[in-house]
Every structure is written in C-alpha cells, then in structure tokens.
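Given next are the chains, with one letter for each unit.
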Amino acid sequence: MERAGGVISQVENEKWTLLKTLRHARHDWMNDIQIVKGYLSLNNIDAAARAADHIILKAVQESRLCNLGMPGMAELFMTFNWSQHLFRLEYELDESVAAGTADDQKACRFFNRLFSLLEQHVKEFNEHELFVHLSEKQGSLAAEMEWMGEVANRPLLLKKIKEFAHSLELKSAVWETDSGDILMEVTF
C-alpha cells in the first residue's frame, strides 16, 4: 500500500489516533512492568533483573530506530507486533548505524512486501519469528534477517523474495540453513 508521500503505515491504515497509539505503547510498558513486579513478588530477583534488562534493551533499540532518520520504517517496526500477525517481529540495530544511510520509502516497500509474503506462506498454528539485524556496511544500511518458522511452498517464497528485492534494485541474498531457517541479507 502506498500513497504519494510514501508507504501507508499500519497506524495510518487503521486510522489510528495519537491517543490510540499512546494506549498501545502504555499497554506494552505496563505488561513489561507487570512481569518485573511478578518476579519480585515471587522473590525471584535474578529473573526480575533479566526482565528489567530486557525492557532497557528494548528501549535502547527503539531509540536507535527512531534516530535512524527513517520514520516510516521506525513506525512500521515499532507498531508491527501491536496488530494480529502470523509471526512476531524482533529487531536489533548496531550502535554504529548512522542516520540517513538509506531510502526510507524503499526500505518500507521492501519490508511491507516481505511481511506480506511471509504472512501468505506461513503455516498457521505454529510460532514464527522474523529477526532483523540492521547494521552499516560500506556506508549503506544492511539488513540481515532470519526467519524461524514453517512456511508453505518454500521454493516459491524464496523465488518471490529474490524477485521483489531485485525489482527494487536492492543487493540481496536469500538462503536456507541446515535447520530449515531462512536467512536473508539486503543492502539499501
């Protein structure tokens, strides 16, 4: 989905208001805090500390994503898990990734298309996750992705991923591991 200024985000597509967006963010924070509080009530200090560390790491990653200078991609990644999807998105950015190293609209088109393809090919009733690691390589933004989960018609999915990455004129590679995970690398 696109509009003149770029990709229509999930928030815009669902006609989210600022208040609805803030409610979702607050809900996420409350869930995280309740996990820490639950561990503390069980006097499990180590688990509470790990949960608090996870919250801090998540906030650091969100901050890096927001400072990347790619507002469309930041919104897409930060709000993805707020809606019903057949897989979970996790992401990590290297500290060294500089702002302005990639075209936000092209990255949004790539990730929206990838997410759509994965949704079309995922085998339901299983746990699935896409992990995206963003780094800087030779002055460009590089995304290394790992798909963990089952998909239907794997050869067709791999072919479609290669085709649309090529159509966006992106340097990319797609391959499988011995365990069946799908690995992808794209440079924007």
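Just above, that's the structure.
Source: prediction; values computed, not measured. (Residues numbered from 1 in each chain as written. Predicted model: local features only at pLDDT ≥ 70, side-chain atom pairs only at ≥ 80, totals over all residues. Heavy atoms only, no water.)

A. Summary view of the overall build of the protein chain. A tally of helices and strands in the protein chain yields 6 helices and 7 strands. Start at the N end of the protein chain and walk to the C end: the helices and strands fall as β-β-α-α-α-α-β-α-β-β-α-β-β. With respect to the three principal axes, the spread of C-alpha positions in the protein chain is 55 × 40 × 35 Å. In the protein chain, buried positions account for 38% of the 188 residues. Long-range contacts, defined as pairs at least 24 residues apart, comprise 66% of the intrachain contacts of the protein chain with a sequence gap of at least 6. Accessible surface for the protein chain amounts to roughly 10,900 Å². Of this, 53% is attributable to carbon and sulfur atoms. Charge centroids of the protein chain, computed over 20 positive and 29 negative side chains, lie 5 Å from each other. (Helix = DSSP H or I, 4+ residues; strand = E, 2+ residues; numbered from the N terminus. Buried < 20%, exposed > 50% of the residue type's maximum accessible area, 1.4 Å probe, protein only. Contact = heavy atoms within 4.5 Å. Areas by Shrake-Rupley, 256 points an atom, 1.4 Å probe, with all protein chains shown as cover. Lys, Arg positive; Asp, Glu negative; His and termini not counted. Charge placed at Lys NZ, Arg CZ, Asp CG, Glu CD.)

B. Structural view of the side chain of Glu 62. Within the element layout of this structure, Glu 62 appears in helix H3 (residues 45–66). The charged side chain of Glu 62 is buried without a salt bridge, its nearest counter-charge being Lys 58 at 5.0 Å. Setting aside residues no more than four positions away along its own chain, Glu 62 makes contact with Met 78 and Tyr 91. (Salt bridge = Lys/Arg side-chain N within 4 Å of Asp/Glu carboxyl O.)

C. A look at the packing of aromatic side chains. All chains considered together, the criterion is met by 12 aromatic pairs. When the ring of Phe 110 is compared with that of Phe 111, the centres are 5.1 Å apart and the planes differ by 80 degrees; the resulting orientation is edge-to-face. Given the relative accessible area of 1%, Phe 110 is considered buried. Looking at Phe 111, the relative accessible area reads 0%, which means it is buried. Every member of this aromatic cluster is reached through a ring pair, and the members are Phe 77, Phe 80, Phe 87, Tyr 91, Phe 110, Phe 111, Phe 115, Trp 147, Phe 164 and Phe 188. (Phe/Tyr/Trp six-rings, centres within 6.5 Å; stacked < 30°, edge-to-face > 60°.)

D. Spatial organisation of the nonpolar core. Grouped together as the largest cluster of nonpolar side chains are 43 residues, with contacts concentrated most on Met 73, Phe 77, Phe 110, Phe 111 and Leu 130. Elements that contribute at least two residues to this core include exactly helix H4 (71–80), strand S3 (88–93), helix H5 (104–121), strand S4 (129–137), strand S5 (140–148), helix H6 (154–167) and strand S7 (182–187). With 8 residues, the top contributor of residues to this core is H5. Apart from residues no more than four positions distant in its own chain, Leu 130 is found in contact with Phe 87, Arg 88, Leu 89, Glu 90, Leu 114, Phe 115, Leu 118, Met 145, Glu 146, Trp 147 and Met 184. (Core = buried A, V, L, I, M, F, W, Y, C linked by side-chain atoms within 4.5 Å.)

E. Local environment of a nonpolar patch on the surface. A contiguous nonpolar surface patch, about 270 Å² in accessible area, is contributed by Trp 29, Met 30 and Ile 33. Structurally, Trp 29 can be placed in helix H2 (residues 18–41). Classification of Trp 29 by relative accessible area gives partly exposed; the value is 35%. (Patch = residues over 30% accessible without salt bridge, like charges linked within 9 Å, V, L, I, M, F, W, Y side chains within 5 Å.)

F. Main features of the pairing of S5. Bridge count between S4 and S5: 9 bridges; the pairing is antiparallel. The partner of Leu 134 across the bridge, within S5, is Ala 143. As consecutive antiparallel partners, S4 and S5 are separated by 2 residues, and within that stretch Gln 138 has a phi angle of approximately 50 degrees, a positive value. Sheet topology note: the S5/S7 ladder contains 6 bridges and is antiparallel. Within S7, the position partnered with Met 145 by the bridge is Met 184. (Pairing = 2+ DSSP bridges.)

G. A look at the sheet that holds S3. Taken in spatial order, the 5 strands line up as S3-S4-S5-S7-S6 in an open sheet, and their pairing is mixed. Edge positions in the sheet fall to S3 and strand S6 (171–176), since each has one partner strand and no second. Strand after strand, the sheet turns through a mean of 15 degrees between neighbouring axes, direction not considered. Sheet strands in contact with H3 are S3 and S4, and its direction is about 75 degrees off that of S3. Relative to S3, H4 is tilted by about 130 degrees, and along the sheet it contacts S3, S4 and S5. (Axes fitted to C-alpha atoms, helices over the stretch in contact; angles between N-to-C directions.)

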